[in-house]
Structure formats: structure tokens, C-alpha cells
Amino acid sequence: MAERKKMSLTMKVLLGLILGLITGVIINTFFSDNVFIDTWLTNGIFHMIGAMFISSLKMLVVPLVTFSLICGVCGIGDIRALGRIGTKSFLLYVLTTAIAISTAIVLAQLVGPGKRFQMEGKEVAKVAAKEAPPITQVFIDIIPSNPVETFANGEMLGIIFYAILVGVSLLIIGRPVKRLVEGAEMLNEVAMKLVDLVMAVAHIGVFCLIAKTFAQQGIGLLMPMASYFFTVLGALAFHLFVTILLLLWVFTRFNPLTFMRKMRNAQAFAFSTASSNATIPVTLRSVHERLGVNNSVASFTVPLGATINMDGTAIMQGVATVFIANVYGIELGIVGYLTVIGMAVLASIGTAGVPGVGLIMLAMVLSQVGLPLEGIGIIMGVDRLLDMCRTAVNITGDAMVSTVVGKSEDNIDVDIYNDPDAGTFDEDEEIHVDEDVEREFQEIVDSPLEDE
Ligand code: ASP
């Protein structure tokens, strides 16, 4: 009985996902002209609950990242170790992205998507590609000129930078601010508990998000774009099941299947929200509580990865470049493709972990090699579905690097990694208020006010 309950969160989320998919496809196939369903269901209830769910995930991100980073830095207790963890994770993030885009380009060259694509008769969106921000601005934005504004806007790189500096300062000051560190630890506990609360209703949110997306994005949309769509999917699958798992095994010798099983939940969230940023709380929870990576590493590598590591996005950009070059009959040559690899790595650093930004950053890659930006209009129609898939790959890459860095720093609990039940969500345990605490609160509330 208890066993059944422990598995319930992942199962419920996956069930929500599958039911949402079926509902969405049924609506799209049979009721696409039904105004009532469109108004009250797809754009009514599904839209509302889905948007509320995304907001509740986003609500968790900034406080969780801030407190867990401060605690993480204080937990490391050594500024040199922090530098080491930072360097290792940055290099691994760049390496995995470069491998991802190279795989995508090679596969796309083999498949040749877009070679027979006729421009005539195809609906080319007239939307001009939005301008991608210059990469220099991404680096400038790491330093928050106004931390309050940075926190209010949820700008991750600035938040990470500032929280690390606060943690380092606390470490340097030491004993006099011990209480403050303890306070941050308590607030971190609260932030993690909020994650559990939101996760308890996640299956409903996931159902609504997926049902709405599939009700609007019919499968028929895929047909003219099938070669592009399936090439991206193939490259994503290769990266997910071969590259990531192989790298994990080579660097850690851990069982890759255990890793995959424990990441299922976070992947379902990433797929449903199409946002690495909104998934940070779930990824962090999976990496820390299910894979056993110590908070001092995970609190740093997970938000950083969600912000600068986009393997799946780079894959889409690689295939899209080859596809657009084929459609317009432009030969890029080896130098062109090397440029694409370099630009996609930079674009990955500059891509915020929110839905659809990868497509905007594609403009930066295309313009660098002289491909027409209108090409983005062609692939726009199928981008939402690919966005969901690539976001799941993005966060899996973050978790793999976190595990590798955790292992290399001897900061991972191997028993937790190997325990299939570790960190599983038991609603009875997690949600119910501790009875002692409840009684104490009640006593405080009931006690008469003392006169001053
Ligand atoms: N949605 C992706 C993410 O959040 C970014 C993108 O490729 O658009 O990771």
C-alpha cells in the first residue's frame, strides 16, 4: 500500500500527460470547429488552469534558487572549491552543447531535410524573426546593476551571481553571521516544501497544459514539415539516450538507467511547460533528493544549467540551419558549419530557459552564416511541439552535468542514487502538518495576550 503511494506522483504526472495528449488530439480531430469547446475548454478551463500551474512553478524559482545557492555556497565552505565547481560545470555545459549541435548537423546532413521542400504553396509565416540580443549583452547582464530589479524580473544569471556573492560574503564574515546562515537554511527548507505543495497538484496542471497544446497544434500540421520534425526528434533521442547516458557512465560509472528513471518526473514537467526555468524546482529536487547530489553542488549547477546549457535547443538550431540551407538551396560548406557550431554554443548561453526563445536565438545563428531569417517562419508552426521535447533534453543535460560534477567533487550520496525509493514523494508524509507543530501553534494562538 505504502509502495503504491510512493510512486504516485510520477505516475500521476505521466498519466496527466498521456490523458492530456489524448484529450487534446480528440478535440483537435473532432471538435476543432466547435466554438463552445474552444471558448470554454481549450481557451477557458485548460488555458486558465495551465497558466495558473506555470505561474505557481515560476513563483517557486527565485526564492528557491536564492536560498539554496546561499546555503550551497556556505555548505561548500571553501571558495576555491566553488571556483572549481564553477569551472567544471561551465566547461561540461559547453562541451555537451558542442557535441549536441555537431550530432544534429551530421544527422541532418545524412537525412537531408528540406531538399524536396517546395517553397510554392507552402504557408510561410510573414512574421519577421525577432532580433536576437547581442551576445555581449548576455555577459554584461551577469552583473546586476540593480539587484532588486534583477530579482523582480527573475533574471537568472544576475540572481545566481548575486546569491553567490552573498554566500561568499557570509563565508568570509563567518561566526558573526552564523544566525543569518541558519535563517537562510530554514528559508531554503520552506522553499523546498513549497515545491512539494505545488507538485501535489501537478498532474492537473500538466493535463490542462498538454490538452490545450495538442487541441491547438493538430498532428496534421506536422505533415509538410515531417522531415524536419523527425530529424530533430531523432537527434534529440540520440543525444538523450546515447550521448548523455554515455557521458554519465564514462565520468561516473553510475547506472544510466537509474538516472533516467529518476529524471522522468522532471522531464515530464519540462515537456509540459517547455521551460527549463520553470522546471528548476523540480530538477533541483530530482538531482538533490533522488540522485543524491549534495545541495552545495546542485544548488549551483542546476540553475546555471537551466540558464546556459541548452543541448536540445542547439540540436534544433543545427537541424534548422541545414533545413533552411536546403530549402533555399544555399551551400554552407565546412567553415559555415563550424561557424554554426560556435554560434549555437554562444546562443545556448544566451537563450533564456523559457518557451520559444530558442527560435529567436536561431536568428543570431542564421544571420552569422548569411541564411535568410524568413526561414524561421517556415519552421515556426511545428516549433511548440519541438520546444517541449527539447526542453526535456535540456534539463536532462543539466542533471547529468550536476551528477558528474557532484561525483568528481565527492559530493554525492551513492546510496541515495542507488535507492529506487529515495526522494519519492509520499503525500501523507509531506503534506500533512506536523502534529506537534500544529499543537504548538494552537497554544500560541489560544494563549491570552499579556499586558505590556
Ligand atoms: N524552451 C527551452 C527551454 O526552456 C528554450 C528554447 O529552446 O526555446 O529550455
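Residues numbered from 1 in each chain as written. Predicted model: local features only at pLDDT ≥ 70, side-chain atom pairs only at ≥ 80, totals over all residues. Heavy atoms only, no water.

Caption draft 1: Structural context of the packing of helix α11 (residues 256-273) against helix α12 (residues 276-290). Where α11 meets α12, the closest approach of the two axes is 9 Å, and the angle between their N-to-C directions is 175°. Our classification of the angle between α11 and α12 gives roughly antiparallel. Counted together, K262, M263, N265, A266, F269, A270 and T273 of α11 and T279, V282, T283, S286 and R290 of α12 form the full contact between these two elements. Broken down by class, the residue content of the contact of α11 with α12 amounts to five nonpolar, five polar and two charged. (Axes fitted to C-alpha atoms, helices over the stretch in contact; angles between N-to-C directions. Helix = DSSP H or I, 4+ residues; strand = E, 2+ residues; numbered from the N terminus. Parallel < 35°, antiparallel > 145°, perpendicular 65-115°, else oblique. Contact = heavy atoms within 4.5 Å. Nonpolar A, V, L, I, M, F, W, Y, C, P; charged D, E, K, R; others polar.)

Caption draft 2: Molecular detail of the pattern of salt bridges. Here the structure, examined in full by the defined rule, presents nine salt bridges. For the salt bridge of R80 with D78, the shortest nitrogen-to-oxygen distance reads 4.0 Å. By relative accessible area, which is 30% here, D78 ends up partly exposed. Notably, a salt bridge pairs E289 with R285, separated by 3.7 Å at the nearest N-O pair. Here the residue E289 and the residue R285 both occupy positions in helix α12, the gap between them amounting to four residues, near one helical turn. Salt bridges here are not isolated pairs; linked through shared partners, they connect K193, D196, R285 and E289. (Salt bridge = Lys/Arg side-chain N within 4 Å of Asp/Glu carboxyl O. Buried < 20%, exposed > 50% of the residue type's maximum accessible area, 1.4 Å probe, protein only.)

Caption draft 3: View of a nonpolar patch on the surface. Among the surface-exposed residues, L15, I18, L19, L21, I22, I26, F30 and F31 lie close enough to one another that they form a single nonpolar patch of about 750 Å² accessible area. Given the relative accessible area of 48%, I18 is considered partly exposed. (Patch = residues over 30% accessible without salt bridge, like charges linked within 9 Å, V, L, I, M, F, W, Y side chains within 5 Å. Areas by Shrake-Rupley, 256 points an atom, 1.4 Å probe, with all protein chains shown as cover.)

Caption draft 4: View of the site of the ligand. Around the ligand, a shell composed of 15 residues is seen, among which S276, T313, G358, D387 and R390 lie nearest. Residue G356 places a main-chain N or O atom 3.4 Å away from an oxygen atom belonging to the ligand. Interatomic distance of 3.1 Å between a backbone N/O atom of V357 and an oxygen atom of the ligand. Burial of the ligand by the surrounding chains reaches 100%, relative to a free accessible area of 270 Å². Judged by the proximity of its atoms to the pocket grid, the ligand belongs to the second largest cavity. Among the elements of the structure, α16 (357-368) and α18 (383-408) are those that each provide at least two residues to the shell around the ligand. In terms of residue count, the dominant contributor to the shell around the ligand is α18 (four residues). (Near = heavy atom within 4 Å. Polar contact = N/O pair within 3.5 Å; in protein donor to acceptor, adjacent residues only side chain to side chain. 1 Å grid on protein atoms, 1.4 Å probe; cavity = no way out; pocket = protein on both sides within 12 Å on 5 of 7 lines; lining within 4 Å. Sits in = over half its atoms within 2 Å of the grid points.)

Caption draft 5: How the structure looks around the packing of aromatic side chains. The full count for this structure, using the stated rule, is six aromatic pairs. Here the aromatic rings of Y228 and F323 are separated by 5.1 Å at their centres, their planes lie at 45°, and the arrangement is tilted. Separated by 95 residues along the polypeptide, Y228 in helix α10 (residues 226-252) and F323 in helix α14 (residues 311-327) bring together distant segments of the chain. Side by side, Y228 and F323 carry an identical accessibility label, which is buried. Aromatic pair F229 and F230: ring centres 5.3 Å apart, planes at 85°, arrangement edge-to-face. Its relative accessible area of 6% is what places F229 among the buried residues. Of note, R253 hangs over the ring of W249, and the distance from its end group to the ring centre comes to 4.2 Å. (Phe/Tyr/Trp six-rings, centres within 6.5 Å; stacked < 30°, edge-to-face > 60°. Lys NZ or Arg CZ within 6 Å of the ring centre and 35° of its normal.)

Caption draft 6: Highlighting the nonpolar core. Grouped together as the largest cluster of nonpolar side chains are 130 residues, with contacts concentrated most on Y228 and F259. If you tally residues by element for this core, the top one is helix α3 (residues 35-76), at 14 residues. Within the second largest apolar cluster, six residues are counted, among which are I27, I37, F46 and A211. (Core = buried A, V, L, I, M, F, W, Y, C linked by side-chain atoms within 4.5 Å.)

Caption draft 7: Local environment of empty space enclosed by the protein. Enumeration over the complete set of coordinates arrives at two cavities of 30 Å³ or more. Taken as a whole, the second largest cavity spans an internal volume of roughly 60 Å³. Grouping the amino acids of the lining of the second largest cavity by side-chain chemistry returns four nonpolar, eight polar and two charged. (Points joined across faces, edges and corners; volume = space filled by probe spheres on them.)

Caption draft 8: Structural detail: the packing of α3 against helix α9 (residues 202-216). Where α3 contacts α9, the two axes come as close as 8 Å, and the packing angle between them is 130°. As summarised for this structure, α3 and α9 are arranged oblique, according to the angle between their axes. In this structure, α3 crosses over α9, and the sense of that crossing is left-handed. Between α3 and α9, the contacting residues are T42, N43, F46, H47, I49, G50, F53 and I54 on the first element and A202, I204, G205, V206, F207, C208, L209, A211, K212, A215 and Q216 on the second. Considering only residue class, the contact of α3 with α9 consists of twelve nonpolar, six polar and one charged. (Left-handed = near helix turned anticlockwise from the far one by under 90°.)

Caption draft 9: Spotlight on the layout of surface pockets. Its boundaries defined by the atoms lining it, the second largest pocket holds a volume of some 360 Å³. Surrounding the second largest pocket, 16 residues form its lining, L240, F241, Q267, F271 and A392 being those nearest its centre. Of all the secondary-structure elements, those providing two or more residues to the lining of the second largest pocket are α2 (8-30), α10, α11 and α18. Counted by class, the lining of the second largest pocket contains 13 nonpolar, two polar and one charged residues.

Read these as spatial facts, not as claims about activity.
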